[in-house]
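# Notes for the structure review
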Amino acid sequence: MSRRPIKADPSRSRLCVGLLSGTSVDAVEAVLCQIEETGAQAQLKLVAHLSRPFPPDFIQRVLSVSDPRTLCELNFELGERFAEAALAVIAHAGLRPGDVDIIGSHGQTVAHLPSSLSATPSTLQIGEASVIAERTGIPVVSDFRTRDMAAGGQGAPLVPYFDWVVFRKPGAVRAFQNIGGIANVSVVGDRLDDILAFDTGPGNMVLDGLARRITQGQLQCDLDGQLSRQGTVIPSILAELLTHPFFALPPPRSAGREGFGEALVTWLWEQPRNKPEDLITTALAFTVEATARAYEAYVLPRYGSLEAVYVSGGGSRNPTLMERFSARLAPLPVRTLDALGFPEGAKEAACFALLAAEHLVGTPTNVPSATGARRRVVLGKLTP
């Protein structure tokens, strides 16, 4: 399949696909974006967005991978699933693969080990870029976290650059709270160098694991907050959860399945309770309290006040979580990202469309104030 040359002129419009499967491993999110210019002048328009859920047995295979053979196979199988999602979102937009300049694929994180967890900081995302490029005929930029880690950073969070480019408002300070498997915040003002961003801690990962156990696999998450509404917080367990060593780390900091994954779910499941719903209600309170304490410790002392907190990720679709998070942060306004006219489910995939577009023109997109890197670097690896 012939391709026109990759464009490196930022003044020309670029059509970019963004692909993501988050720490919750629930679906491939695929977007198609039109991107103009670069850096502070960059403009992004969302053209199309699709979500392609994973089947429950596949989710379990990814979450339980523990041997090299399975990891190797999943890397290529995920590449196929990502390629299918890319082609689907292009067709959904009424376009052809030849119209698209680049695909940015974050892949699926299977291990993330910042310096707080390993003497050899490292990260691993799977979803083979060569498979995506071969199936679509489109160049692919992938492995966005690794260069930042090589430059001394945490490799996360990566979304602050996107938040600054797309959502900053002159003269205002806005917080963008993502509650995915892991929760993270970007606090964005006028200057990129002034961004504060870090992982606040647990998001939906513990809730998801408990939901699967409580319903014996019938639910993959606390859908619409229906399980957490039925229980009562167990104060002693919540207090124990809040002693997790992650919370003693100042920003920059990043978290993953290693700290808030299946091992923690198993510990919770073994705790005494009146009914299993008490555990998921306690886990929801854990996410709310950990997030709120991060604001009290690091955000509000630095900024004093915020225009609002804009929430995205699966947690923003859980009414029980949103109600309790809003009450905990009151009187600070808490809104969903949709209030800014951007669908929250498309945000993180759109981030990787932007990062791929910036890779093409050589613009650095990590934010050292967020990741702790020694310098700004161009993120990603290009597969022609």
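Here is a short report on the structure shown in this document. Bear in mind the structure is a predicted one, so any value in this text is a computation, not a measurement.

## As for the packing of aromatic side chains
Where two aromatic rings form a pair, the distance of their centres and the angle of their planes describe that pair. Inspection of every chain in the model, using the stated rule, returns 15 aromatic pairs. Look at Phe54 and Phe58: their rings are 4.9 Å apart centre to centre, the planes differ by 50°, and that puts the pair in the tilted class. According to the relative accessible area criterion, Phe54 is buried, its value standing at 6%. Phe58 sits in the buried class, given a relative accessible area of 2%. Relative to Phe286, the ring of Phe260 has its centre 6.2 Å away and its plane inclined at 50°; by these criteria the two rings are tilted. Of this pair, Phe260 sits in helix α8 (residues 257-260) while Phe286 sits in helix α10 (residues 277-303), placing them 26 residues apart in sequence. Of the two residues, Phe260 and Phe286, neither departs from the other in class, the shared state being buried. Site record: aromatic cluster; members linked through ring pairs are Phe162, Phe167, Phe176, Tyr310 and Phe342. One cation-aromatic arrangement involves Arg81 over Phe58; the distance from NZ or CZ to the ring centre is 4.1 Å. Its end group placed over the ring of Trp164, Arg168 keeps NZ or CZ at 4.2 Å from the ring centre.

## Some remarks on the packing of helix α1 (residues 56-63) against helix α2 (residues 68-92)
Relative orientation of the contacting elements α1 and α2 amounts to 140°, with a least axis distance of 12 Å. Here α1 lies oblique to α2, going by the angle between them. In this structure, the crossing between α1 and α2 has a hand that is left-handed. Contacts from Phe58, Arg61 and Val62 of α1 reach α2 at Leu74, Glu77, Leu78 and Arg81. Here the contact of α1 with α2 is built from residues that sort into 4 nonpolar, no polar and 3 charged.

## Re the pattern of salt bridges
Within the structure shown, the criterion is met by 16 salt bridges. Arg69 is paired through a salt bridge with Glu73; the nearest N and O atoms lie 3.1 Å apart. With a gap of 4 residues between them, Arg69 and Glu73 both fall in helix α2, about one helical turn apart. Judged by relative accessible area, Arg69 falls into the exposed class, the value being 62%. In this structure, the salt-bridge partner of Lys169 is Glu307, at a minimum N-O distance of 3.3 Å. A residue pair is termed long-range when its members are at least 10 positions apart, and Lys169 in the loop between α5 (160-167) and β7 (174-179) and Glu307 in the loop between α10 and β10 (309-312) qualify at 138 residues. Take Lys169: its relative accessible area is 39%, and that puts it in the partly exposed class.

## Some details on the sheet that holds strand β8 (residues 182-188)
Two modes of strand pairing occur in sheets, parallel and antiparallel, and in both the strands are linked by backbone hydrogen bonds. Taken together, the 5 strands give an open sheet; going across it, the order is β9-β8-β7-β10-β11, and neighbouring strands pair in mixed fashion. The sheet is open, and its two edges are formed by β9 (196-202) and β11 (334-336), each paired on a single side. Direction aside, the axes of adjacent strands within the sheet are offset by 25° on average. Judged from the 3 bridges that link them, β10 and β11 form a sheet pairing that is parallel.

## What about the packing of helix α6 (residues 205-214) against α10?
Between α6 and α10, the shortest axis-to-axis distance is 9 Å and the interhelical angle comes to 170°. By the angle class used here, α6 and α10 are roughly antiparallel. Counting all contacts with α6, which are made through Val206, Leu207, Leu210, Ala211 and Ile214, the residues of α10 involved are Glu277, Leu279, Ile280, Ala283 and Leu284. Each residue belonging to the contact of α6 with α10 can be placed in one class, and the counts come to 9 nonpolar, no polar and 1 charged.

Calculation rules
Residues numbered from 1 in each chain as written. Predicted model: local features only at pLDDT ≥ 70, side-chain atom pairs only at ≥ 80, totals over all residues. Heavy atoms only, no water. Phe/Tyr/Trp six-rings, centres within 6.5 Å; stacked < 30°, edge-to-face > 60°. Buried < 20%, exposed > 50% of the residue type's maximum accessible area, 1.4 Å probe, protein only. Helix = DSSP H or I, 4+ residues; strand = E, 2+ residues; numbered from the N terminus. Lys NZ or Arg CZ within 6 Å of the ring centre and 35° of its normal. Axes fitted to C-alpha atoms, helices over the stretch in contact; angles between N-to-C directions. Parallel < 35°, antiparallel > 145°, perpendicular 65-115°, else oblique. Left-handed = near helix turned anticlockwise from the far one by under 90°. Contact = heavy atoms within 4.5 Å. Nonpolar A, V, L, I, M, F, W, Y, C, P; charged D, E, K, R; others polar. Salt bridge = Lys/Arg side-chain N within 4 Å of Asp/Glu carboxyl O. Pairing = 2+ DSSP bridges.

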